[in-house]
Amino acid sequence: MIEELYMLRCLELAQKAKGFTAPNPMVGAILVYNNRIIGEGWHQHYGEAHAEINCLNNVLQVDKHLISESTMYVNLEPCAHNGNTPPCSVRLAEEKVKKVVICNKDPFEKVNGKGIQNLINNNIKIKTDLLTHAGLWLNRRFFCFHELRRPYIILKWAKTLDNFIGHSNQQIQISNTVCNHLVHKWRTEEAAILIGTKTALCDNPQLNARLWHGKNPLRIILDRELKIPVTNNVFDNTANTWIINEKRHETINNINYIKLTFNHNTLKEIMKLLFESKIISLIVEGGSQLLNSFIEAELWDEARIFTGNTTLGNGIQSPSLTNSELVLTTKIEDNKIQLFTNKNNKYPFYPSLEL
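So, a few notes on the structure that sits alongside this text. The structure displayed is predicted, hence computed values, not measured ones.

## Quick word on helix α1 (residues 2-14)
Here α1 spans 19 Å end to end across 13 residues, near enough to the 18 Å set by a 1.5 Å rise per residue. Taken as a whole, α1 has its buried residues at Glu 3, Tyr 6, Met 7, Cys 10, Leu 11, Leu 13 and Ala 14. Summarising the axial view, the buried residues of α1 lie within an arc of 160°, below the 170-degree limit, and thus occupy one face. The inward-facing, buried residues of α1 abut β1 (28-33), β2 (36-42), β3 (71-76), β4 (99-104), β5 (125-127) and α5 (132-138).

## Here we look at the side chain of Arg 304
By secondary structure assignment, the location of Arg 304 is in strand β14 (residues 302-307). Those residues in contact with Arg 304 that lie beyond four places of it in its chain are Arg 140, Arg 141, Ile 154, Leu 155, Lys 156, Trp 157, Trp 186, Glu 190, Gln 338, Leu 339 and Leu 355.

## What to know about the nonpolar core
In this structure, Met 7, Leu 31, Met 72, Tyr 73, Val 97, Val 100 and Ile 221 are the most contacted members of the largest nonpolar core, which totals 60 residues. With 6 residues, the top contributor of residues to this core is α1. If we ignore the near neighbours within four places in the chain, the residues touching Leu 31 are Arg 36, Ile 37, Ile 38, Gly 39, Cys 55, Leu 56, Val 59, Ile 67, Ser 70, Thr 71, Met 72 and Val 97. With 32 residues, the next largest nonpolar core counts Leu 155, Ile 244, Leu 299 and Phe 340 among its residues.

## Focus: the sheet that holds strand β6 (residues 152-159)
Taking strand neighbours across the sheet as the criterion, the 10 strands line up as β11-β12-β10-β9-β8-β13-β6-β14-β17-β16 in an open arrangement whose pairing is mixed. This sheet does not close on itself; its edge strands, each paired only once, are β11 (250-252) and β16 (324-332). Sheet twist, expressed as the mean angle between neighbouring strand axes with direction ignored, is 20°. Across the face of the sheet, helix α6 (residues 140-148) comes into contact with β6, β13 (281-284) and β14 while running at roughly 125° to β6.

## What about the pairing of β3?
Here β3 lies mainly inside the structure; 6 of its 6 residues are buried. Of the pairings in the sheet, the one linking β1 to β3 comprises 4 bridges and is antiparallel in character. Bridge pairing links Ala 29 to Val 74 in β3. As judged from the 5 bridges shared by β3 and β4, these two strands associate in the parallel manner. Looking at the pairing, Leu 76 lines up with Asn 104 of β4.

## With respect to the pattern of salt bridges
Throughout the structure, instances matching the rule amount to 19 salt bridges. A salt bridge links Asp 63 to Arg 36; the shortest N-O distance between them is 3.2 Å. Of this pair, Asp 63 sits in the loop between α2 (51-57) and β3 while Arg 36 sits in strand β2, placing them 27 residues apart in sequence. Residue class for Asp 63 comes out buried when judged on its relative accessible area of 9%. Linked by salt bridges that have partners in common, Arg 9, Glu 12 and Glu 40 make up one network.

## Observations regarding the packing of aromatic side chains
Tallied over the full model, the rule gives 5 aromatic pairs. Centroid distance Tyr 6 to Tyr 73: 5.0 Å. Interplanar angle 50°. Geometry classified as tilted. Of the two residues, Tyr 6 sits in helix α1 while Tyr 73 sits in strand β3, which places them 67 residues apart along the sequence. Comparing Tyr 6 with Tyr 73, the two get one shared label, buried. Measuring from ring centre to ring centre gives 4.6 Å for Phe 145 and Phe 275, while their planes differ by 35°; the resulting arrangement is tilted. Residue Phe 145 is located in helix α6, and its partner Phe 275 is located in helix α9 (residues 266-276); the two are separated by 130 residues in the primary sequence. For the pair Phe 145 and Phe 275, a shared accessibility class is recorded, and that class is buried. Directly above the ring of Trp 42 sits Lys 16, whose terminal nitrogen or CZ lies 5.4 Å from the centroid. The side chain of Arg 304 reaches across the aromatic face of Trp 186, ending 4.5 Å from its centre.

Thresholds applied
- Residues numbered from 1 in each chain as written.
- Predicted model: local features only at pLDDT ≥ 70, side-chain atom pairs only at ≥ 80, totals over all residues.
- Heavy atoms only, no water.
- Helix = DSSP H or I, 4+ residues; strand = E, 2+ residues; numbered from the N terminus.
- Expected span 1.5 Å × (residues − 1).
- Buried < 20%, exposed > 50% of the residue type's maximum accessible area, 1.4 Å probe, protein only.
- Arc of directions from axis to C-beta.
- Contact = heavy atoms within 4.5 Å.
- Core = buried A, V, L, I, M, F, W, Y, C linked by side-chain atoms within 4.5 Å.
- Pairing = 2+ DSSP bridges.
- Axes fitted to C-alpha atoms, helices over the stretch in contact; angles between N-to-C directions.
- Salt bridge = Lys/Arg side-chain N within 4 Å of Asp/Glu carboxyl O.
- Phe/Tyr/Trp six-rings, centres within 6.5 Å; stacked < 30°, edge-to-face > 60°.
- Lys NZ or Arg CZ within 6 Å of the ring centre and 35° of its normal.

Quick look at the structure:
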């Protein structure tokens, strides 16, 4: 179906900005006249022009007279409010676009159907829900944030062939070099990264994306008793950092000490803080205890598990997922990567799109 191909092109364009639009969604748009694409655009950076505007602005002068007879395909409902930019639905009405085909409606309370209604009120034909599942997967972080009022949560760890993730108080390298670069790429695509005290003390990680071009995520470290020395790498100046603890509440340079009571509600309280700070996604790279706490609380959406080509014989057992579905298995050299989704996940895996 030609319309599905057009929408897939929108999704392809949208993915170009992965890691650069949060807390906004990734959106692509194309303008089609008589089965010819006359304009393309995508939302490139947070705070800048949206996909629909870039698409219209990219129509060549010789084709501008065709806009009013053309159909725009866009993977998310055009916005209806003044934010960092004017509303896209108003611009589409001004340009008298003939028809708009939409993949997903926008759950953000300031849009949520208002953009579609603006278009209808201006006699623009509407078609919705084209390749809905693909759009949900692409913008699963955005949808999760607004619908569940928490970040989209990705668990990540590496294990050996005999199902261990390491030894206590000893750093073990399990993944190969290429996989390590991939992990740094993933970090650029998420808003925040989380570890616990034991991982910080044992591995002394930097938790930045130094092996890949892109932004660093917000670093979050659970350090209940403030055991981590200030010489640890998480206290360098490469990224903004939260230290969640029970003793101290202050901000020093890029280090934000957040005082919080540690109990059975701690993870949910942290998710609330992240929601209030507009952090739409979180990758958890901690040890077994932290990962298992998310699994036991059913507080995860996706798990990415590396299996290295090595054995340990003994050590810390790999976490065990529950209520999960294996949706993808692939290999990078001698390492296996498995992608699991939570069976309660409302955002189904769509294989033709990127992770």
